[in-house]
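Architecture and fold: a report
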Amino acid sequence: MTATVKISALPVATAPDPNADVTLLVQGGTTKKVAIGQLGGLLGYYQSVQGADFTTASITPAYVDVDTTNIKVTFVTPPSGKVLVVYNFAGYGNTSNLLVGVREGLVDVAASGVAFNGGGNFINSSTIHLPITGLTPGSSHTYKMSYASGGGGGNVTIFGSTNAGLGPSMYIWAVPG
Amino acid sequence: MTNLKISALSAGIAPDANADVVPIVQGGVTKKAPVGQLGGIIAWARVIVTTPNYTTTSTPFVDVDAANLKVTFSAPPSGKVVVTACFSSMCSSGSPYVNLRDSVGDVANTPRNMVSSSGWQNSGSVSWPLTGLTPGTSYTYKLGFRGSGATTTIFVANVLMPTMVVWAVPG
(Lines give C-alpha, C1' and ligand atoms only; values in the text may rest on other atoms or scores of the structure.)
Protein backbone atom coordinates (compact mmCIF):
# COMPACT_ATOMS: atom_id res chain seq x y z
CA MET A 1 0.00 0.00 0.00
CA THR A 2 1.29 3.42 -0.87
CA ALA A 3 0.91 6.20 1.63
CA THR A 4 -0.63 9.43 0.39
CA VAL A 5 1.50 12.49 1.05
CA LYS A 6 0.69 16.09 0.24
CA ILE A 7 3.22 17.71 -2.07
CA SER A 8 3.53 20.55 0.41
CA ALA A 9 4.67 18.04 3.02
CA LEU A 10 7.57 16.76 0.93
CA PRO A 11 11.17 17.79 1.67
CA VAL A 12 12.49 20.80 -0.24
CA ALA A 13 14.75 19.86 -3.14
CA THR A 14 18.01 21.56 -4.05
CA ALA A 15 18.43 23.44 -7.32
CA PRO A 16 17.35 20.92 -9.95
CA ASP A 17 19.49 19.28 -12.61
CA PRO A 18 17.92 20.53 -15.88
CA ASN A 19 18.34 17.19 -17.63
CA ALA A 20 18.01 14.50 -14.96
CA ASP A 21 15.39 16.02 -12.69
CA VAL A 22 11.80 15.91 -13.89
CA THR A 23 8.40 17.15 -12.92
CA LEU A 24 4.91 16.21 -13.94
CA LEU A 25 3.49 17.67 -17.11
CA VAL A 26 -0.02 17.26 -18.44
CA GLN A 27 0.28 17.39 -22.18
CA GLY A 28 -2.63 16.72 -24.50
CA GLY A 29 -4.61 15.29 -21.58
CA THR A 30 -1.91 12.75 -20.71
CA THR A 31 0.26 12.96 -17.62
CA LYS A 32 3.91 12.80 -18.56
CA LYS A 33 7.25 13.73 -17.12
CA VAL A 34 9.28 16.66 -18.35
CA ALA A 35 12.87 17.56 -17.60
CA ILE A 36 13.23 20.88 -15.80
CA GLY A 37 15.42 22.17 -18.63
CA GLN A 38 12.46 21.91 -21.01
CA LEU A 39 10.83 24.77 -19.11
CA GLY A 40 13.36 27.26 -20.45
CA GLY A 41 14.69 28.72 -17.23
CA LEU A 42 17.96 30.23 -16.09
CA LEU A 43 20.76 27.70 -15.59
CA GLY A 44 23.28 30.01 -13.97
CA TYR A 45 24.76 33.50 -13.93
CA TYR A 46 27.69 35.54 -12.73
CA GLN A 47 27.85 39.25 -12.02
CA SER A 48 31.37 40.68 -11.88
CA VAL A 49 32.06 43.00 -8.97
CA GLN A 50 35.63 43.84 -9.93
CA GLY A 51 36.27 47.57 -9.91
CA ALA A 52 39.20 47.64 -12.33
CA ASP A 53 38.69 47.43 -16.08
CA PHE A 54 39.55 44.29 -18.08
CA THR A 55 41.95 44.97 -20.97
CA THR A 56 43.69 42.89 -23.59
CA ALA A 57 45.67 43.40 -26.76
CA SER A 58 45.26 39.77 -27.83
CA ILE A 59 44.22 39.67 -31.47
CA THR A 60 41.54 37.40 -32.93
CA PRO A 61 41.43 34.42 -33.30
CA ALA A 62 43.39 34.29 -30.03
CA TYR A 63 40.53 34.93 -27.61
CA VAL A 64 41.51 35.13 -23.94
CA ASP A 65 39.45 34.84 -20.77
CA VAL A 66 38.12 38.13 -19.42
CA ASP A 67 38.47 36.83 -15.85
CA THR A 68 39.34 33.12 -15.64
CA THR A 69 38.63 32.88 -11.94
CA ASN A 70 35.33 34.65 -11.76
CA ILE A 71 33.46 35.35 -14.98
CA LYS A 72 32.37 31.82 -15.64
CA VAL A 73 29.25 29.70 -15.24
CA THR A 74 28.99 25.96 -14.73
CA PHE A 75 25.81 24.29 -15.90
CA VAL A 76 24.27 20.97 -16.92
CA THR A 77 23.01 20.79 -20.51
CA PRO A 78 19.22 20.55 -20.89
CA PRO A 79 17.54 17.86 -23.04
CA SER A 80 17.52 20.06 -26.16
CA GLY A 81 21.32 20.37 -26.15
CA LYS A 82 20.78 24.12 -26.62
CA VAL A 83 21.65 27.04 -24.36
CA LEU A 84 21.70 30.78 -24.78
CA VAL A 85 24.69 32.68 -23.38
CA VAL A 86 23.88 36.33 -22.63
CA TYR A 87 26.43 39.02 -21.77
CA ASN A 88 25.75 42.49 -20.53
CA PHE A 89 28.73 44.80 -20.47
CA ALA A 90 30.21 48.16 -21.42
CA GLY A 91 33.50 48.66 -23.21
CA TYR A 92 35.38 49.95 -26.23
CA GLY A 93 38.32 49.41 -28.55
CA ASN A 94 40.72 52.31 -28.81
CA THR A 95 41.83 51.26 -32.31
CA SER A 96 40.38 47.83 -33.04
CA ASN A 97 36.98 46.20 -32.75
CA LEU A 98 36.08 44.63 -29.43
CA LEU A 99 35.09 40.99 -29.88
CA VAL A 100 33.54 38.75 -27.23
CA GLY A 101 33.17 35.00 -27.09
CA VAL A 102 32.68 31.88 -25.01
CA ARG A 103 35.54 29.62 -23.98
CA GLU A 104 35.62 26.25 -22.26
CA GLY A 105 39.10 25.52 -20.98
CA LEU A 106 41.25 26.67 -23.90
CA VAL A 107 38.64 25.91 -26.56
CA ASP A 108 36.57 28.62 -28.24
CA VAL A 109 32.90 27.61 -28.14
CA ALA A 110 31.39 30.70 -29.77
CA ALA A 111 32.46 34.17 -30.73
CA SER A 112 31.23 37.42 -32.15
CA GLY A 113 32.98 38.85 -35.19
CA VAL A 114 32.33 42.31 -33.79
CA ALA A 115 30.77 43.34 -30.51
CA PHE A 116 31.70 47.02 -30.65
CA ASN A 117 33.33 48.92 -33.49
CA GLY A 118 36.79 50.13 -32.59
CA GLY A 119 38.35 53.49 -33.20
CA GLY A 120 37.77 56.85 -31.65
CA ASN A 121 37.43 55.36 -28.19
CA PHE A 122 33.65 55.16 -28.66
CA ILE A 123 32.23 53.62 -25.53
CA ASN A 124 29.26 51.34 -25.82
CA SER A 125 27.03 49.35 -23.51
CA SER A 126 25.12 46.38 -24.75
CA THR A 127 23.59 42.95 -24.29
CA ILE A 128 24.96 40.25 -26.57
CA HIS A 129 23.37 36.84 -27.19
CA LEU A 130 25.51 33.87 -28.24
CA PRO A 131 23.42 30.74 -28.98
CA ILE A 132 25.07 27.34 -28.47
CA THR A 133 23.67 24.11 -29.92
CA GLY A 134 24.74 20.50 -30.29
CA LEU A 135 25.68 19.92 -26.66
CA THR A 136 25.14 16.49 -25.14
CA PRO A 137 22.10 16.52 -22.83
CA GLY A 138 23.18 16.00 -19.24
CA SER A 139 26.79 16.97 -19.90
CA SER A 140 28.39 19.49 -17.54
CA HIS A 141 30.19 22.54 -18.90
CA THR A 142 31.99 25.54 -17.52
CA TYR A 143 31.81 28.48 -19.89
CA LYS A 144 33.96 31.58 -19.47
CA MET A 145 33.51 35.01 -20.99
CA SER A 146 36.30 35.72 -23.47
CA TYR A 147 37.36 38.68 -25.56
CA ALA A 148 39.83 39.69 -28.24
CA SER A 149 40.88 42.62 -30.38
CA GLY A 150 39.78 42.62 -33.99
CA GLY A 151 43.31 43.46 -35.08
CA GLY A 152 44.81 46.77 -36.02
CA GLY A 153 46.65 47.31 -32.77
CA GLY A 154 45.72 48.86 -29.49
CA ASN A 155 43.79 47.49 -26.60
CA VAL A 156 40.18 46.50 -26.15
CA THR A 157 38.56 47.14 -22.80
CA ILE A 158 35.55 45.86 -20.88
CA PHE A 159 34.70 48.13 -18.00
CA GLY A 160 34.70 47.02 -14.40
CA SER A 161 32.33 48.48 -11.87
CA THR A 162 34.40 51.63 -11.24
CA ASN A 163 33.84 52.93 -14.75
CA ALA A 164 30.55 51.25 -15.62
CA GLY A 165 28.66 51.22 -12.33
CA LEU A 166 28.44 47.47 -12.70
CA GLY A 167 30.93 45.06 -14.25
CA PRO A 168 30.14 42.50 -16.97
CA SER A 169 27.48 39.89 -16.29
CA MET A 170 27.00 36.45 -17.83
CA TYR A 171 23.77 34.45 -17.96
CA ILE A 172 23.10 30.98 -19.36
CA TRP A 173 19.52 30.05 -20.23
CA ALA A 174 18.09 26.63 -21.07
CA VAL A 175 16.42 26.51 -24.47
CA PRO A 176 13.50 24.05 -24.80
CA GLY A 177 13.25 21.79 -27.80
CA MET B 1 -5.76 2.65 -9.30
CA THR B 2 -2.20 2.04 -10.42
CA ASN B 3 0.57 3.96 -8.75
CA LEU B 4 3.39 5.07 -11.00
CA LYS B 5 6.63 6.81 -10.21
CA ILE B 6 7.02 10.09 -12.08
CA SER B 7 10.27 8.79 -13.53
CA ALA B 8 8.36 5.87 -15.10
CA LEU B 9 6.08 8.14 -17.10
CA SER B 10 6.65 8.76 -20.78
CA ALA B 11 8.57 11.92 -21.58
CA GLY B 12 6.70 14.92 -22.88
CA ILE B 13 7.91 17.06 -25.76
CA ALA B 14 8.78 20.75 -25.44
CA PRO B 15 5.69 22.08 -23.70
CA ASP B 16 3.05 24.48 -24.97
CA ALA B 17 3.16 27.60 -22.79
CA ASN B 18 -0.60 27.80 -22.37
CA ALA B 19 -2.11 24.34 -22.89
CA ASP B 20 0.37 22.18 -20.96
CA VAL B 21 0.26 22.33 -17.19
CA VAL B 22 2.39 21.33 -14.21
CA PRO B 23 1.30 20.84 -10.60
CA ILE B 24 2.22 23.49 -8.07
CA VAL B 25 1.45 23.79 -4.38
CA GLN B 26 0.10 27.23 -3.66
CA GLY B 27 -0.89 28.17 -0.14
CA GLY B 28 -0.87 24.50 0.81
CA VAL B 29 -3.24 23.53 -1.99
CA THR B 30 -2.12 21.50 -5.00
CA LYS B 31 -3.10 23.24 -8.22
CA LYS B 32 -2.17 23.20 -11.87
CA ALA B 33 -0.22 25.98 -13.60
CA PRO B 34 0.35 26.40 -17.33
CA VAL B 35 4.03 26.15 -18.17
CA GLY B 36 3.96 29.74 -19.39
CA GLN B 37 3.34 30.89 -15.81
CA LEU B 38 6.88 29.77 -14.96
CA GLY B 39 8.39 32.50 -17.11
CA GLY B 40 11.05 30.78 -19.19
CA ILE B 41 12.15 30.84 -22.81
CA ILE B 42 9.32 29.60 -25.05
CA ALA B 43 10.79 30.16 -28.53
CA TRP B 44 14.00 31.13 -30.25
CA ALA B 45 15.50 31.50 -33.71
CA ARG B 46 19.03 31.97 -34.96
CA VAL B 47 20.66 32.43 -38.35
CA ILE B 48 23.82 30.41 -38.83
CA VAL B 49 24.80 31.45 -42.36
CA THR B 50 28.03 33.44 -42.62
CA THR B 51 27.29 35.21 -45.91
CA PRO B 52 25.76 37.31 -47.38
CA ASN B 53 24.74 40.03 -44.97
CA TYR B 54 21.16 41.35 -45.01
CA THR B 55 20.84 44.76 -46.65
CA THR B 56 18.02 47.09 -47.57
CA THR B 57 17.56 50.59 -48.91
CA SER B 58 13.85 50.50 -48.16
CA THR B 59 12.37 53.32 -46.13
CA PRO B 60 9.30 51.29 -45.07
CA PHE B 61 10.18 48.33 -42.87
CA VAL B 62 10.81 45.01 -44.62
CA ASP B 63 11.51 41.52 -43.28
CA VAL B 64 15.18 40.81 -42.55
CA ASP B 65 14.76 37.09 -43.28
CA ALA B 66 11.13 35.95 -43.35
CA ALA B 67 12.11 32.29 -43.49
CA ASN B 68 14.63 32.15 -40.68
CA LEU B 69 14.60 35.21 -38.46
CA LYS B 70 11.17 34.62 -36.97
CA VAL B 71 9.73 33.12 -33.80
CA THR B 72 6.46 31.21 -33.40
CA PHE B 73 4.96 30.56 -29.99
CA SER B 74 1.73 29.95 -28.12
CA ALA B 75 0.84 32.95 -25.94
CA PRO B 76 1.04 32.18 -22.21
CA PRO B 77 -1.93 32.69 -19.83
CA SER B 78 -0.80 36.21 -18.95
CA GLY B 79 -1.00 37.31 -22.58
CA LYS B 80 2.43 38.85 -22.03
CA VAL B 81 5.81 38.02 -23.54
CA VAL B 82 9.14 39.72 -24.02
CA VAL B 83 10.57 39.33 -27.51
CA THR B 84 14.26 40.11 -27.91
CA ALA B 85 16.49 40.29 -30.95
CA CYS B 86 20.28 40.46 -30.89
CA PHE B 87 22.32 41.36 -33.98
CA SER B 88 25.02 43.62 -35.37
CA SER B 89 23.87 46.47 -37.61
CA MET B 90 25.09 49.49 -39.53
CA CYS B 91 23.67 52.22 -41.75
CA SER B 92 25.80 54.01 -44.36
CA SER B 93 24.05 57.26 -43.47
CA GLY B 94 21.94 57.87 -40.40
CA SER B 95 20.80 55.14 -38.05
CA PRO B 96 19.41 51.69 -38.74
CA TYR B 97 15.89 50.97 -37.47
CA VAL B 98 14.37 47.61 -36.56
CA ASN B 99 10.87 46.49 -35.62
CA LEU B 100 8.64 43.46 -35.28
CA ARG B 101 6.49 42.34 -38.17
CA ASP B 102 3.71 39.77 -38.46
CA SER B 103 1.67 38.35 -41.33
CA VAL B 104 -0.21 41.66 -41.66
CA GLY B 105 2.82 43.95 -41.61
CA ASP B 106 4.44 46.18 -39.02
CA VAL B 107 3.49 45.61 -35.39
CA ALA B 108 2.46 48.93 -33.86
CA ASN B 109 4.83 50.67 -31.47
CA THR B 110 7.77 48.34 -32.11
CA PRO B 111 10.18 50.48 -34.22
CA ARG B 112 13.54 51.05 -32.53
CA ASN B 113 16.39 53.33 -33.57
CA MET B 114 19.67 51.48 -33.13
CA VAL B 115 21.40 54.86 -32.65
CA SER B 116 24.72 54.19 -34.32
CA SER B 117 26.72 56.86 -36.09
CA SER B 118 26.77 56.71 -39.87
CA GLY B 119 29.01 53.94 -41.08
CA TRP B 120 29.66 52.57 -37.60
CA GLN B 121 28.81 49.02 -36.81
CA ASN B 122 27.14 48.20 -33.53
CA SER B 123 26.07 44.99 -31.83
CA GLY B 124 23.37 44.70 -29.24
CA SER B 125 19.92 43.52 -28.37
CA VAL B 126 16.47 45.06 -28.44
CA SER B 127 13.58 44.03 -26.20
CA TRP B 128 9.89 44.35 -26.95
CA PRO B 129 7.51 43.72 -24.04
CA LEU B 130 4.20 42.73 -25.64
CA THR B 131 0.89 42.61 -23.78
CA GLY B 132 -2.69 41.89 -24.70
CA LEU B 133 -1.98 38.67 -26.55
CA THR B 134 -4.72 36.03 -26.48
CA PRO B 135 -3.65 33.08 -24.30
CA GLY B 136 -3.22 29.91 -26.32
CA THR B 137 -3.16 31.71 -29.65
CA SER B 138 -0.18 31.07 -31.91
CA TYR B 139 1.82 34.15 -32.88
CA THR B 140 4.67 34.56 -35.35
CA TYR B 141 6.91 37.61 -35.28
CA LYS B 142 9.66 38.45 -37.73
CA LEU B 143 12.46 40.97 -37.39
CA GLY B 144 12.08 43.96 -39.71
CA PHE B 145 14.59 46.64 -40.67
CA ARG B 146 14.88 49.87 -42.59
CA GLY B 147 17.20 52.81 -43.02
CA SER B 148 16.66 56.46 -43.80
CA GLY B 149 17.17 56.17 -47.53
CA ALA B 150 20.70 54.82 -47.24
CA THR B 151 21.80 51.19 -47.12
CA THR B 152 21.09 49.46 -43.82
CA THR B 153 22.93 46.25 -43.03
CA ILE B 154 22.31 43.50 -40.51
CA PHE B 155 25.31 41.26 -40.38
CA VAL B 156 25.21 37.48 -40.32
CA ALA B 157 27.12 34.95 -38.27
CA ASN B 158 30.61 35.94 -39.36
CA VAL B 159 30.03 39.07 -37.27
CA LEU B 160 27.34 38.09 -34.79
CA MET B 161 24.77 35.33 -35.21
CA PRO B 162 21.38 37.10 -35.35
CA THR B 163 19.00 35.70 -32.77
CA MET B 164 15.41 36.16 -31.61
CA VAL B 165 14.20 34.88 -28.24
CA VAL B 166 10.74 34.91 -26.63
CA TRP B 167 10.32 34.83 -22.87
CA ALA B 168 6.95 34.09 -21.24
CA VAL B 169 5.88 36.62 -18.62
CA PRO B 170 3.93 35.25 -15.66
CA GLY B 171 0.82 37.03 -14.50
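Since this is a predicted model, take the numbers as computed values, not measurements.

Criteria and cut-off values
Residues numbered from 1 in each chain as written. Chains lettered and ligands numbered in written order. Predicted model: local features only at pLDDT ≥ 70, side-chain atom pairs only at ≥ 80, totals over all residues. Heavy atoms only, no water. Helix = DSSP H or I, 4+ residues; strand = E, 2+ residues; numbered from the N terminus. Rg over C-alpha atoms; globule rule 2.2 N^0.38 Å. Buried < 20%, exposed > 50% of the residue type's maximum accessible area, 1.4 Å probe, protein only. Contact = heavy atoms within 4.5 Å. Areas by Shrake-Rupley, 256 points an atom, 1.4 Å probe, with all protein chains shown as cover. Buried area = accessible area lost by both parts, 1.4 Å probe. Polar contact = N/O pair within 3.5 Å; in protein donor to acceptor, adjacent residues only side chain to side chain. pLDDT = per-residue confidence, 0-100. Phe/Tyr/Trp six-rings, centres within 6.5 Å; stacked < 30°, edge-to-face > 60°. Pairing = 2+ DSSP bridges. Core = buried A, V, L, I, M, F, W, Y, C linked by side-chain atoms within 4.5 Å. Salt bridge = Lys/Arg side-chain N within 4 Å of Asp/Glu carboxyl O. Patch = residues over 30% accessible without salt bridge, like charges linked within 9 Å, V, L, I, M, F, W, Y side chains within 5 Å.

1. As for the overall build of chain A
What chain A contains, in helices and strands, is 1 helix and 13 strands. For chain A, the C-alpha radius of gyration of 20 Å lies well beyond 16 Å, the compact-globule estimate for 177 residues. Overall, chain A is about 75 × 30 × 25 Å in size when its C-alpha atoms are taken along their principal axes. For chain A, with 177 residues in total, the buried portion stands at 46%. Sequence separation of at least 24 residues holds for 78% of the intrachain contacts in chain A that already meet a minimum separation of 6. When the accessible surface of chain A is totalled, it reaches about 7,600 Å², and 55% of it is carbon and sulfur.

2. Overview of the overall build of chain B
Secondary structure assignment for chain B yields 0 helices and 13 strands. Counted from the first residue to the last, chain B has its helices and strands arranged as β-β-β-β-β-β-β-β-β-β-β-β-β. Computed over the C-alpha atoms, the radius of gyration of chain B is 19 Å, more than 25% above the 16 Å expected from 2.2 N^0.38 for a compact globule of 171 residues. Burial status across chain B gives 49% buried among its 171 residues.

3. Looking at the interface of chain A and chain B
Listed per partner, the contact involves 43 residues of chain A and 42 residues of chain B. Note on chain A versus chain B: buried area summed over both sides is about 3,500 Å², and carbon and sulfur give 63% of it. Looking at the side of chain A facing chain B, the largest losses of area belong to A:Leu24, A:Lys33 and A:His129, adding up to 18% of the total buried there. Joining chain A to chain B, the criterion identifies 16 residue pairs in polar contact (both at pLDDT 80 or more).

4. Re the confidence of the model for chain B
With 98% of its residues at a pLDDT of at least 70, chain B reaches an overall mean of 92. Both scores are given for the predicted complex: the pTM is 0.93, the ipTM 0.91.

5. Remarks on the packing of aromatic side chains
Counted by the stated rule, this structure contains 8 aromatic pairs over all chains. Aromatic side chains A:Phe75 and A:Tyr143 sit 5.0 Å apart centroid to centroid with 70° between the ring planes, which places their arrangement in the edge-to-face category. Within this pair, whereas A:Phe75 is found in strand β6 (residues 72–76), its partner A:Tyr143 is found in strand β11 (residues 140–149), the two being separated by 68 residues in sequence. What makes A:Phe75 buried here is its relative accessible area of 2%. Seen in terms of ring centroids, B:Tyr139 and B:Tyr141 are 6.2 Å apart; in terms of plane orientation they differ by 15°. Their pairing is stacked. The same class applies to B:Tyr139 as to B:Tyr141, namely buried.

6. What about the pairing of strand β9 (residues 107–111) of chain A?
Residue and element names in this part refer to chain A. One ladder, built from 4 bridges, connects strand β8 (residues 98–104) with β9; its direction is antiparallel. The partner of Glu104 across the bridge, within β9, is Val107. The hairpin turn running from β8 into β9, its antiparallel successor, is 2 residues long, and Gly105 in that turn takes a positive phi close to 65°.

7. Points about the nonpolar core
Judged by nonpolar contacts, the single largest core of 34 residues is most densely connected at A:Phe89 and A:Tyr143. In this structure, B:Phe87, B:Trp128, B:Phe145 and B:Val166 belong to the second largest nonpolar core, which totals 29 residues.

8. As for the pattern of salt bridges
When the charged atoms of two side chains lie near each other, side chains of opposite charge can form a pair. Residues and elements named next belong to chain B. Scanning the entire structure with this criterion turns up 6 salt bridges over all chains. We note a salt bridge from Asp63 to Arg101, for which the minimum N-O separation is 2.6 Å. Taken together, the residues span a long stretch of sequence, with Asp63 in strand β5 (residues 62–63) and Arg101 in strand β8 (residues 97–101) at a distance of 38 residues. By relative accessible area, which is 22% here, Asp63 ends up partly exposed.

9. Structural notes on the environment of B:Ala11
Tracing the backbone through its elements, the reader meets B:Ala11 in the segment before β1 (21–26). Judged by relative accessible area, which is 55%, B:Ala11 ranks as exposed. With sequence-adjacent residues up to four places away left out, B:Ala11 is seen in contact with A:Lys32 and A:Lys33.

10. A closer look at the environment of B:Thr50
Residue and element names in this part refer to chain B. By the element assignment, Thr50 lies in the loop between β3 (41–46) and β4 (54–56). On the accessibility criterion, Thr50 (47% relative accessible area) is partly exposed. For the pair Thr50 and Met161, spaced 111 residues apart in the sequence, the C-alpha separation amounts to 8.3 Å.

11. Structural notes on a nonpolar patch on the surface
A contiguous nonpolar patch, built from A:Val5, A:Ile7, A:Leu10 and B:Val25 and spanning about 310 Å² of accessible area, is present on the exposed surface. Along the chain, A:Leu10 falls in the segment before β1 (22–27). The class of A:Leu10 is partly exposed, set by a relative accessible area of 45%.

12. Side note on the side chain of A:Thr77
Residue and element names in this part refer to chain A. Examined against the element boundaries, Thr77 turns out to sit in the loop between β6 and β7 (83–93). For Thr77, a relative accessible area of 0% corresponds to the buried category. Residues within four places of Thr77 in sequence aside, it is in contact with Asn19, Leu135, Thr136, Pro137, Gly138, Ser139 and His141.

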